Each structure stands twice: as C-alpha cells, then as structure tokens.
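Chain and residue survey
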Amino acid sequence: MGYDITMRVWRGDAGGGALQDYVVDVEEGEVVLDAVHRLQATQVGDLAVRWNCKAGKCGSCSAEINGRPRLMCMTRLSTFEAGETITVTPLRTFPVIRDLVTDVSYNYEKAKTLPAFAPVPRDADGNYRMAQVDVQRGQEFRKCIECFLCQTVCHVIRDHDDNKPAFSGPRMFLRYAELDMHPLDTNDRRRLAKDAAGLGMCNITKCCTEVCPENIKITDNAIIPLKERVVDRSYDPLVWLGSKIRRRDQRSEPPPTPPPTTR
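First, a word on what this report is: a plain description of the structure on this page. All values reported here derive from a predicted model rather than from experimental measurement. Every chain is numbered on its own, with residues counted from 1 as its sequence reads. Local features in this predicted model are restricted to residues of pLDDT 70 or higher, and side-chain atom pairs are both shown and tallied only at a pLDDT of 80 or more, whereas totals for entire chains, interfaces and linings draw on every residue. To obtain the side-chain values, all non-hydrogen atoms of the structure were used and water was disregarded.

1. Quick word on the overall build of the protein
Test applied: Each helix is a run of H or I in the DSSP string that is no shorter than four residues. Each strand is a run of E no shorter than two, and both are numbered from the N terminus. A contact between two residues is defined here by any heavy atoms of the two lying within 4.5 Å. In this description, accessible areas are obtained by the Shrake-Rupley approach with a 1.4 Å probe, and a residue is regarded as covered only by the protein chains that are shown.
If you tally the helices and strands in the protein, you get 10 helices and 7 strands. Long-range pairs, those at least 24 residues apart, make up 62% of the contacts in the protein between residues at least 6 apart in sequence. Of the roughly 14,800 Å² that the protein leaves accessible, carbon and sulfur atoms contribute 51%.

Have a look at this one:
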C-alpha cells in the first residue's frame, strides 16, 4: 500500500546549495534509496546520486540521513516515525560535486601511501600456511565495503579539514591493521602509521565503529591493537634496548680476514 512522505534533499554543487522539500509517493517495505530514485524519476530528473548494488555491499550510496551517516539502500523508511521529514544530505567530510555526490578521492590518495602486502617465501611444497585463528582475525577486516561512513563521521577530519594531509582515518587504519597482523606479511608499517598516517591523532571515541554497516569493530580490533604495536616499537624500553644491542653486535663483527700475501 502506498503512502506519501516528505523528503528534504540537499541540492547544489561545489559553489553552494540548499535543502529543498518534496512529497514522494512510496510503498511499504521500501528504503530511502527507493524514495530517492522515485523522486529522481518523477520530479527532479537531474538529481545526482551515486549508487550501484542496492544490496549494502558496494558502499556507493553513502549519505547523511537525518544527520546520521548511513547507506541509503539499507535504511528502511519504516525506521522513521509517521509524518517525520526525512532529510538526505551529502557526506559532510568530503567536497560536494553535485547534490548527493561527493568527492571521496581523499581516501584513495591515502590508500596509495600504504605499502602493499609483501609475503614471506612459500614453503618447500609451494604453499603458504597460516593458523586458522589468524585467518579468522583478518576476515573481519576484509569485510570493509569502503562506504567511507567511518571516515566521514571521524571528527578529526569532519570538524578540522586542515588535518587531512596528516591523518589517514579509520578506514586506512583498518587496512594498516589488516596487513600488520597478517602472519605472512614482511613489511613493518608501524612507523608509517605513526608518522605519516597520524595514528596518534585518533582518540578512540568509537564513532567509526558505531556507523559501520558491516559491524566491524574498527576501534577495538584494529585501531587500539595497532596503537599498542606502535607504542611497543617506539617506547617499550626492552624493545629499544634490544634494537641497540643488535646494532652494537653488527658493529662489533670482526672485519673479514684478508687473503694471505705471498713473498
């Protein structure tokens, strides 16, 4: 059975814009993206909106719905009270291109700075081997659909645009943790996470975890363990002493014996 809802949608571009109200006819069981598509089809054919799978797996239809970052395709209209106005705005942390479409290239630029997976040599039979517990730990991190809701809700860059050059954000920290905790990886990214990615700027408020549509425990399982690893490397006195001893041992190695001379 159909019914009407009031939608307040942001219209504009990089130069500015404003919220505009529309009355949209919807059906029982539909989601916000259905309503946006019907609005586009019946009233504002030039409405710009990014979407792809409509199944909560591509991350394309991210927006802010009544002030909360969500996936439009996973937000049911029945979530809202009868007669409640549904306000849809673009992700606030990223520059607007047009209407509900934002420029999220910041995230891809940050991804380019992260060293790739570098596995250890294969076993003698040509295979890699990992413990099942290590496999399961990494599977949670790989559920990320790159909707960037965690990025847009992170107040370090949401409220302070000038932090972006020095801060990679929770999505990238998830990737750092995934690689750093991989039992076959040989790259050490802890110093990079601390210095270039700005891990220390995160104050673990867990706002990123709260909006994750895949229910990844970003803060508890990725960011905090990554912080602990960085601290161990940089400030643990035993680790520091061990590195000094190793360097001293390398310096104290005797020089190679020259070949005997003949007379």
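What follows continues from the structure just given.
2. What about the nonpolar core?
Basically, it comes down to this: We call a set of buried residues a nonpolar core when its members are Ala, Val, Leu, Ile, Met, Phe, Trp, Tyr or Cys and they connect through side-chain atoms within 4.5 Å of each other. Only protein chains enter the accessibility calculation, which uses a 1.4 Å probe. A residue is then buried if its area is under 20% of the maximum for its type, exposed if over 50%, and partly exposed in between.
If you look at the biggest cluster of nonpolar residues, it comprises 62 residues, and the most contacted ones within it are Ile5, Met7, Val32, Met72, Val88, Phe167 and Phe173. Non-local contacts of Val32, meaning those with residues more than four positions away in its chain, are made with Met7, Ile65, Met72, Thr75, Leu77, Phe80 and Val88.

3. Quick word on a negative patch on the surface
Heads up, the rule is: Candidate patch residues must exceed 30% relative accessible area and have no salt bridge, after which like charges are joined if within 9 Å and Val, Leu, Ile, Met, Phe, Trp or Tyr side chains if within 5 Å. When a carboxyl oxygen of Asp or Glu is within 4 Å of a side-chain nitrogen of Lys or Arg, the pair counts as a salt bridge. The positive count covers Lys and Arg only, the negative count covers Asp and Glu only, and His and the chain ends enter neither. Every charge is mapped onto a representative atom, which is NZ of Lys, CZ of Arg, CG of Asp or CD of Glu.
Taken together, the side chains of Asp4, Asp25, Glu27 and Glu28 present a region of like negative charge at the surface. Looking at where Glu28 falls in the secondary structure, it is placed in the loop between strand S2 (16–27) and helix H1 (32–42). Among the residues examined, Glu28 registers a relative accessible area of 53% and is labelled exposed.

4. Quick word on the side chain of His182
Tracing the sequence through the fold places His182 in the loop between helix H6 (170–180) and helix H7 (190–195). Sequence-distant contacts of His182, defined by excluding residues within four places in its chain, comprise Phe117 and Met130.

5. Brief notes about the packing of aromatic side chains
For the record, the criterion: Put simply, two rings from Phe, Tyr or Trp (the six-membered ring, in Trp's case) pair if the centres are within 6.5 Å, and we call them stacked under 30 degrees between planes, edge-to-face over 60, tilted for the rest.
Under the definition given, this model contains 3 aromatic pairs. Ring plane angle 35° and centroid distance 6.3 Å describe the contact between Phe94 and Tyr106, whose orientation is recorded as tilted. Of this pair, Phe94 sits in the loop between strand S5 (86–89) and strand S6 (96–98) while Tyr106 sits in helix H2 (residues 105–112), and the two are 12 residues apart along the sequence. With relative accessibility at 4%, the residue Phe94 sits in the buried group. On the numbers, 5.4 Å between centres and 80° between planes, the contact of Phe167 with Phe173 is edge-to-face.

6. Details of the pairing of strand S1 (residues 2–13)
The side chains of a regular strand alternate, first on one face of the sheet and then on the other. Note the threshold: Pairing between two strands is assigned when DSSP locates at least 2 bridges connecting them.
Across 12 bridges, the pairing between S1 and S2 is antiparallel. Counted as the bridge partner of Arg8 is Asp21 from S2. A loop of 2 residues connects S1 with S2, the two strands running antiparallel in sequence. For S1 and S5, the ladder comprises 3 bridges, and the chain directions are parallel. The residue of S5 that forms the bridge with Arg8 is Thr87.

Taken by themselves, the reported measurements are silent on function.
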